[in-house]
Amino acid sequence: MAEALPVVVLISGNGSNLQAIIDATREQRLPLDIRLVVSNRPEAYGLARARAAGIPTRVIDHHDHADRADFDGALATAIDEYGGPNALVVLAGFMRILTDEFVNHYRGRLVNIHPSLLPKYKGLNTHARVLAAGERESGATVHFVTPALDDGPIILQARVPVKAGDTPERLAQRVHAAEHLLYPRALTLIAQGTVRMDTENNLTLWNDQPATPEQQQLDLPAA
Ligand code: GRF
């Protein structure tokens, strides 16, 4: 097995993606070493999930910081203290906009999951917008983070069908289930060294070549 990649996970809420990463790391022996879980919200349920798994947790509440730069500085201090200089920073339902300085500092080792098939439906309320537009499919995307919101190079996507009678909640559930397979897989590709970001050209590389659309798709078992 490859040497485990140090990982710091940032959350704001339920943490079901965090749980999927924890479970997959254990069950599938993924080469990930989750060193710390940080939440900006003290009540985030994901903190309890981390504690139950024996992972250190920190609350860094944005209300306790004068501005974004100050908050991001505190985040960076915790990340570097627990994760060391090469940790992968994993945004898993982290609901704060990060400063360009923070994003550029961690460029190439900062990843996010978004509940749509990017570049479509950046931002919030994706499921309602997908349904309003009459889309036949939706999905989730794991991408490297760059300063523009939900715009960085795509690592991996999973597609799900939109079904007759879907509500935003039902579609969200289907997308969430896909996310739980997608995120561990994408992190494994990074940990194994198969995937990395070309930070100069803003590209995802697979084995040092620009990723192809086929490589960026994760086929899921039909639900
Ligand atoms: C997910 O839908 C993710 O795509 C989005 O926030 C949600 C987090 O859910 N960025 P959870 O906290 O992992 O359950």
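Scroll up a little and you will see the structure.
Residues numbered from 1 in each chain as written. Predicted model: local features only at pLDDT ≥ 70, side-chain atom pairs only at ≥ 80, totals over all residues. Heavy atoms only, no water.

1. Digging into the overall build of the protein
Part 1: Secondary structure assignment for the protein yields six helices and ten strands.
Part 2: Over its C-alpha trace the protein gives a radius of gyration of 17 Å, about what one expects of a compact globule, namely 17 Å for 223 residues.
Part 3: In terms of overall dimensions, the protein has a C-alpha envelope of 45 × 40 × 35 Å along the principal axes.
Part 4: Within the protein, the fraction of its 223 residues that count as buried is 52%.
Part 5: Contacts spanning at least 24 positions in sequence make up 64% of the contacts within the protein whose residues lie at least 6 apart.
Part 6: Of the roughly 10800 Å² of accessible surface on the protein, 49% is carried by carbon and sulfur atoms.
Part 7: Taking the average place of the 21 positive charges on the side chains of the protein and the average place of its 26 negative ones, the gap between the two points comes to 6 Å. (Helix = DSSP H or I, 4+ residues; strand = E, 2+ residues; numbered from the N terminus. Rg over C-alpha atoms; globule rule 2.2 N^0.38 Å. Buried < 20%, exposed > 50% of the residue type's maximum accessible area, 1.4 Å probe, protein only. Contact = heavy atoms within 4.5 Å. Areas by Shrake-Rupley, 256 points an atom, 1.4 Å probe, with all protein chains shown as cover. Lys, Arg positive; Asp, Glu negative; His and termini not counted. Charge placed at Lys NZ, Arg CZ, Asp CG, Glu CD.)

2. Remarks on the environment of Ala50
Part 1: Inspection of the secondary structure assignment puts Ala50 in helix α2 (residues 45-52).
Part 2: Each C-alpha atom of the pair Ala50 and Val38 lies 9.6 Å from the other, and the pair is twelve residues apart in sequence.
Part 3: The residues contacting Ala50, other than those within four sequence positions of it, are Leu18, Ile22, Val37, Ile55 and Thr57.

3. Here we look at the pattern of salt bridges
Part 1: Inspection of every chain in the model, using the stated rule, returns six salt bridges.
Part 2: For Glu135, the salt bridge is made with Lys120, and the minimal N-O distance between the two is 3.1 Å. Here Lys120 lies in the loop between β5 (110-114) and α5 (126-132) and Glu135 lies in the loop between α5 and β6 (137-144), a separation of 15 residues in the sequence.
Part 3: Arg174 is paired through a salt bridge with Asp166; the nearest N and O atoms lie 2.7 Å apart.
Part 4: The buried category is assigned to Asp166, whose relative accessible area is 12%. (Salt bridge = Lys/Arg side-chain N within 4 Å of Asp/Glu carboxyl O.)

4. A look at the pairing of strand β1 (residues 5-11)
Part 1: In terms of burial, β1 is largely enclosed, as seven of its seven residues are buried.
Part 2: Side-chain alternation along β1 places Leu5, Val7, Val9 and Ile11 on one buried face and Pro6, Val8 and Leu10 on a second face that is also buried.
Part 3: In this structure, β1 lies alongside strand β2 (residues 32-39), joined through seven bridges in parallel fashion. Bridge pairing links Leu5 to Leu32 in β2.
Part 4: The handedness of the β1 to β2 crossover, carried by helix α1 (residues 16-27), is right-handed.
Part 5: Inspection of the sheet shows β1 paired to strand β4 (residues 88-91) by four bridges, in the parallel sense. Residue Val8 lies in a different strand from β4, and its bridge partner there is Val89. (Pairing = 2+ DSSP bridges. Right-handed = clockwise from strand over helix to strand, strands pointing away.)

5. Section: unusual backbone geometry
Part 1: Following Leu118, the chain continues into Pro119 via a peptide bond in cis, with omega recorded as 15 degrees.
Part 2: Here Pro119 lies in the loop between β5 and α5.
Part 3: Unusually for a residue other than glycine, Asn125 sits at a positive phi of about 55 degrees.
Part 4: When you line up the elements, Asn125 lands in the loop between β5 and α5.
Part 5: Overall, the relative accessible area of 60% leaves Asn125 in the exposed class.
Part 6: In this model, Asn207 sits at a positive phi of 45 degrees, which is unusual for a non-glycine residue.

6. Brief notes about the nonpolar core
The nonpolar side chains of soluble globular proteins are, as a tendency, buried together.
Part 1: Judged by nonpolar contacts, the single largest core of 47 residues is most densely connected at Val9, Val90, Val111, Ile155 and Tyr183.
Part 2: Among the elements that line this core, the one with the most residues is helix α6 (residues 168-191), at ten residues.
Part 3: Beyond its immediate stretch of four places on either side in the chain, Val111 contacts Leu88, Val89, Val90, Leu91, His143, Phe144, Val145, Ile155, Tyr183, Leu187 and Ile190.
Part 4: If you look at the next biggest cluster of nonpolar residues, it comprises 20 residues, including Ala78, Val89, Tyr106 and Val145. (Core = buried A, V, L, I, M, F, W, Y, C linked by side-chain atoms within 4.5 Å.)

7. Topic: the packing of aromatic side chains
Part 1: On inspection of all chains with the given rule, the structure shows two aromatic pairs.
Part 2: On the basis of an interplanar angle of 5 degrees and a centroid distance of 6.5 Å, the ring pair of Phe71 and Phe94 is categorised as stacked. Residue Phe71 is located in helix α3 (residues 68-83), and its partner Phe94 is located in the loop between β4 and α4 (100-105); the two are separated by 23 residues in the primary sequence.
Part 3: Taken together, a centroid distance of 4.7 Å and an interplanar angle of 45 degrees make the contact between Phe102 and Tyr106 tilted. Assigned by exposure class, Phe102 and Tyr106 land together as buried.
Part 4: Stacked on the ring of Phe71, the Lys or Arg Arg96 has its end atom at 5.9 Å from the ring centre. (Phe/Tyr/Trp six-rings, centres within 6.5 Å; stacked < 30°, edge-to-face > 60°. Lys NZ or Arg CZ within 6 Å of the ring centre and 35° of its normal.)

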